[in-house]
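Spelled out from the first residue to the last, the chains are:
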Amino acid sequence: MKFQPVLKTAASTLAVGTAFLAVPALAQSTGSAEFEGDAIIVTGAREAAVGGVEVPETPKAKVAITKELIMRQTPGQTINDTLNLVPGVSFTNNDPWGSLGGSFTVRGFSSDRISQTVDGIPLNDSGNYALYTNQMLDPEIIESATVSLGSTDVDSPTASAAGGTINIRSIDPSDDFGIMTSLTYGNIISRGDPGDRMMYRGFILVNTGEFTAAGTKAWFSASKTENKSTFSNYGGVDKQQYNAKIYQPIGDNGDFIAIAGHYNQNRNNFNGSPARFSDGVWSIQDPADRFYTLYDGTPCTTDTPEAGVADEPNSCGSPFERRYNPSNTGNIRVASRFTLMDNLILNVEPYYQYVKANGGGTSSAYEYADPASGLLGQIGGDYYAGIDLNGDGDTLDEVRVLSPSQTVTNRFGVIANLAYDINDQNRVRISYTFDRARHRQSGQTGYLKMNGEPYDVFPINDPIMTADGFVLNKRDRKSVAMLNQVSGEYRGSFLDDSLIVLLGARAPFFQRDLNQYCYSTEPGDGYGDCVAPANAAAYLAAYPDSVAPTSRTLKYDKILPSAGLTYKFTPEASVFVSYAKNLSVPGTDDLYGAMYFPLSNPAAKPTPETSDSFDAGFRYQSGNIQAQVALWYNTYSNRLASAYYAECDCTVTTNLGKVDKYGIDGSLSWRPVPSLLVYAFGSYLKSEIKDDVQTGPDSYVPTAGKRERGAPKYTLGGRVQYSIGPADIGFQVKRTGSRYLNDINTVTLPGYTVADFDVRFSLENAGLEKSYVQLNITNLFDEVYIGSASGGLTTTSSYVNIGPPRAISASFIMGF
Ligand SMILES: [Ca+2]
Ligand SMILES: [Ca+2]
Ligand SMILES: [Ca+2]
């Protein structure tokens, strides 16, 4: 056997004709997929995955979950929750339905170290690398999601993927016309739930089939989801999503151009964070404690303004659960393949994406000026508007206003790969990756209605202005994050193709242009005081320790080698080894915080994290078995641990110095007889911080020898699926081990076990071949547990997210 014939398609694909799809399956970009040889090549009955799980044959430890398993989960569920079935992945959902976000670790890395891509384009926030898991594609249009544990592809446009990558691939249009609809009704059926917390979802997918003589084909989809808040008596989710893809083959050798588009609009309240975990004691002691009503009373009425009286706000509108987390996100993704010569292939994949989002929240604002300086604006964390905010004719009052942290991102880039087959055994490629994100972060204020609701969840649309004509803002900064990366890779095949060797290197050049338009008031403060430019001198006279608005450009670059091999000793059994050097550039919150210091101070340029990661494993693949076990070892310099805090809506980073992490993960998917599927997986990890962390000139925190916070020690789980007549019955369960809340290991968050049940009745006997009814029960035994927690270096008490309670959904999926 030679290479899979991705580069020599001119001859090989004639035989299979349109069955050839030059579509990448399990790598991030089309170029990487082709190069590694894991493009899907449909030559008939080849279906590598067993029960929707595949362990692709690459030097890296990868696990792919495909459509077959994705569609067994609750319709509308975020793909990230489904990835809980991958060893080493721990996702904690904020609700049972998947539109409210959640928290991730992969091999103990938090989501800011995991690059998540859709069809190759990066989804991580360009500023802090966070993932917004509620913005994932509808599961019905996902072909596969591949977790690459430990290292990234050489052409990946990522600044921080030390922990691995998750690549989501959207489906391609089908050759024939078809429509699929999915209707779901769900509810929470949990112990102690006093009310009705419904969920409705509708989804439609239309495949045009080939509609031109040139083979053009396309699909369009739309979905709408509404559900009530999981735990509180207020708010919920209102989400709509639209997707499309058009595919144009060029000739019959596998060349093509595909253009895909995505738009998602979420209007949801925050959910699930009212509980505290303090020194080992959780405020949730009884299942019923999870459900509660808001402290401001609902409905509520804001303070009644009185002329001539100094009014003060009441609590109406202020609870965390009242906060909206609105987002409008969209992207356009292009993939293409051109055969320039018989053995020379070019892949070009440009993209554009847009994000407009904020995290909600209110503050009280004063109608008068800052007493210390006599100025208007946001000073010392307080808002001074200088105008009659409540319309009662005086400017004596303190009034509650909407004051979210706003982000608008415009991002575009391209991944280009040129691959050359030297001969049947040797292949090389060069890649160029460009990524530019313009990241505008602000904090405009807006008015609240009498009932505490915002007039507009986006105050950026029509912000409150101060009396001196300045936007009343808590933050005003603009950054451009830019990447220019060149990379190269060699792939050789030896010993009759039983040995495959990959050698590569990438050279990323990261540039961060930072513009702070407000005044930094203390080290690490990326927000600061915001006053009108005309008042700069007066402000600095009153606050001489603040640093004036400033701009700065920081550059990070490094050459990052990678190497790997696979060796097959039988057609089914192989071993693999890989190595990669990784670089994580500090996020913009940290970089803005460092702008308090002059450039001459070393603290002005935060240190990037670097790591060396090693993987070695054994893989077994046959018609009815997909199995893999991998040992891994990562060693870090300047390990940067970040945590998001809802209290300040900010990210705080700790440099843990040198850290070693290692572990083992494995999975086995087995179909012993056609009607039975058995899947089992497990992972164990250990991390060791090498030194005490210095927190002051003479102060140290005793972290030496301790584990990093947040990462479960082990995961263990499985799934069984059995078919009887028209019914498929599935049961899956996962045990997640305990985690530490802090890096000094004094507070343990307990482990938990969650089980799910699903049953699908095919309607084929009723003449509806592609239609079925599906019932899902998630958290079957209604485990009460802590999902995610912010944590910190020495944190002993933290708000924690409650794990989703037991929920049921019934879906009718119709296809023709
Ligand atoms: Ca009043
Ligand atoms: Ca008044
Ligand atoms: Ca007033």
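It should be noted that the structure appears before, not after, this text.
The rules behind these values
- The written sequence of each chain sets the order in which its residues are numbered from 1.
- Chain letters and ligand numbers both follow the written order, the letters beginning at A and the numbers at 1.
- Two thresholds apply to this predicted model, a pLDDT of at least 70 for residue-level local features and 80 or more for giving and counting side-chain atom pairs, whereas whole-chain, interface and lining totals are computed over all residues.
- Water and hydrogen atoms play no part in the side-chain values, which are based on all heavy atoms of the structure.
- Helix and strand definitions here come from DSSP, where helices need a minimum of 4 consecutive H or I residues and strands a minimum of 2 consecutive E residues; each element is numbered from the N-terminal end.
- All radius of gyration figures rest on C-alpha atoms, and the globule criterion is 2.2 Å times the number of residues raised to 0.38.
- Think of it in three bands: with a 1.4 Å probe and only protein chains considered, a residue is buried below 20% of the maximum accessible area for its type, exposed above 50%, and partly exposed in between.
- Every residue pair with non-hydrogen atoms within 4.5 Å of one another is taken to be in contact.
- Counting rule applied: Lys, Arg positive; Asp, Glu negative; His and chain ends not counted.
- Throughout, a charge is located at the NZ atom of Lys, the CZ atom of Arg, the CG atom of Asp or the CD atom of Glu.
- By nonpolar core is meant a set of buried Ala, Val, Leu, Ile, Met, Phe, Trp, Tyr and Cys residues that side-chain atoms within 4.5 Å join together.
- Annotation comment: domain bounds sourced from an automatic or database domain assignment.
- Ring geometry is summarised as follows: Phe, Tyr and Trp rings, the Trp one being its six-membered ring, pair when their centres sit within 6.5 Å, and such pairs are stacked at plane angles under 30 degrees, edge-to-face over 60 and tilted between the two.
- Any two strands are treated as partners once DSSP identifies two or more bridges connecting them.
- By definition, disulfides here are pairs of cysteine sulfur atoms that lie within 2.5 Å.
- A donor here means an N, O or S atom no more than 2.8 Å from the metal, or no more than 3.2 Å when the metal is Na, K or Ca. Since water is not included, a site may seem to lack partners.

### Some details on the overall build of the chain
Line of reasoning, step 1. Of regular secondary structure, the chain possesses 6 helices and 46 strands.
Line of reasoning, step 2. At 27 Å, the chain has a C-alpha radius of gyration in line with the 28 Å of a compact globule built from 816 residues.
Line of reasoning, step 3. Counting only C-alpha atoms, the chain reaches 85 × 65 × 55 Å along its principal axes.
Line of reasoning, step 4. In the chain, which comprises 816 residues, the share counted as buried stands at 60%.
Line of reasoning, step 5. Considering only contacts in the chain between residues 6 or more positions apart, those separated by 24 or more positions represent 70%.
Line of reasoning, step 6. Looking at the chain, you have 65 positive and 86 negative side-chain charges, and the mean spots of the two groups are 6 Å apart.

### A short note on the nonpolar core
Line of reasoning, step 1. Core analysis: the biggest nonpolar cluster contains 39 residues, and Leu83, Phe104 and Ile168 have the highest contact counts within it.
Line of reasoning, step 2. The element that contributes the greatest number of residues to this core is strand β8 (residues 142-149), accounting for 4 residues.
Line of reasoning, step 3. Counting the residues that make up this core, at least three belong to each of domain 1 (9-47 + 56-63 + 77-170) and domain 2 (178-815).
Line of reasoning, step 4. Ranked by size, the runner-up nonpolar core spans 15 residues in total, among them Tyr234, Trp282, Leu749 and Ile802.

### Here's the deal with the packing of aromatic side chains
Line of reasoning, step 1. Under the defined criterion, the tally for this structure stands at 18 aromatic pairs.
Line of reasoning, step 2. Judged by centre distance (5.2 Å) and plane angle (20°), the ring pair of Tyr366 and Tyr384 falls under stacked. Pair noted here: Tyr366 is in strand β19 (residues 362-366) and Tyr384 is in strand β21 (residues 382-384), with a separation of 18 residues, a long-range link. Across this residue pair, the class does not change: Tyr366 and Tyr384 are buried.

### Let's talk about the sheet that holds strand β45 (residues 797-802)
Sheets are built from strands paired through backbone hydrogen bonds, the pairs being either parallel or antiparallel.
Line of reasoning, step 1. One open sheet holds the 4 strands; their spatial order is β16-β15-β45-β44, and the pairing between them is antiparallel. Since the sheet does not close on itself, it has two edges, and those belong to β16 (281-282) and β44 (786-789), each with one partner.
Line of reasoning, step 2. As judged from the 2 bridges shared by strand β15 (residues 275-278) and β16, these two strands associate in the antiparallel manner. Its bridge partner being in β16, Phe277 is matched across the sheet by Trp282.

### Some remarks on the state of the cysteines
Line of reasoning, step 1. The tally for this structure, following the rule as stated, stands at 2 disulfides.
Line of reasoning, step 2. Paired through a disulfide, Cys518 and Cys530 show a sulfur-sulfur distance of 2.0 Å. Residues Cys518 and Cys530 are joined through a disulfide that is right-handed, its torsion about the S-S bond being 110°. Pair noted here: Cys518 is in the loop between β26 (499-516) and α5 (536-542) and Cys530 is in the loop between β26 and α5, with a separation of 12 residues, a long-range link.
Line of reasoning, step 3. The class of Cys518 is buried, set by a relative accessible area of 1%.
Line of reasoning, step 4. Taking relative accessible area as the criterion, Cys530 reaches 1% and is therefore assigned buried.

### Remarks on the sheet that holds strand β7 (residues 121-122)
Line of reasoning, step 1. Spatially, β1-β2-β8-β9-β6-β7 is the arrangement adopted by the 6 strands of the open sheet, whose pairing is mixed. Strands with a single pairing partner mark the edges of an open sheet, and in this sheet they are β1 (53-54) and β7.
Line of reasoning, step 2. Sheet analysis places strand β2 (residues 62-66) next to β8, joined by 5 bridges and oriented antiparallel. Counterpart to Ile65 in the pairing with β8 is Ala145.

### Considerations on the coordination of the calcium ion (ligand 3)
Line of reasoning, step 1. At the metal site, the calcium ion (ligand 3) is ligated by Glu367 (OE), Glu367 (OE), Asp388 (OD), Asn390 (OD1), Asp392 (OD), Asp394 (O), Asp394 (OD) and Asp397 (OD), and these contacts range over 2.3 to 2.6 Å.
Line of reasoning, step 2. Mapped onto the polypeptide sequence, the residues donating to the calcium ion (ligand 3) form the spacing pattern E-x20-D-x1-N-x1-D-x1-D-x2-D.
Line of reasoning, step 3. In this structure the calcium ion (ligand 2) is found 4.2 Å away from the calcium ion (ligand 3), and Asp392 serves as a bridging donor for the pair. With Glu367 in the loop between β19 and β20 (377-379) and Asp397 in the loop between β21 and β22 (398-402), the pair connects residues that are 30 residues apart, well separated along the chain.

### Some thoughts on the coordination of the calcium ion (ligand 1)
Metal coordination angles in their ideal form are 109.5 degrees for the four-donor tetrahedron and 90 or 180 degrees for the six-donor octahedron.
Line of reasoning, step 1. For the calcium ion (ligand 1), the full set of protein donor atoms is Asp303 (OD), Asp303 (OD), Thr304 (O) and Asp311 (OD), at a range of 2.3 to 2.7 Å.
Line of reasoning, step 2. Going along the chain, you hit the donors of the calcium ion (ligand 1) in the pattern D-T-x6-D.

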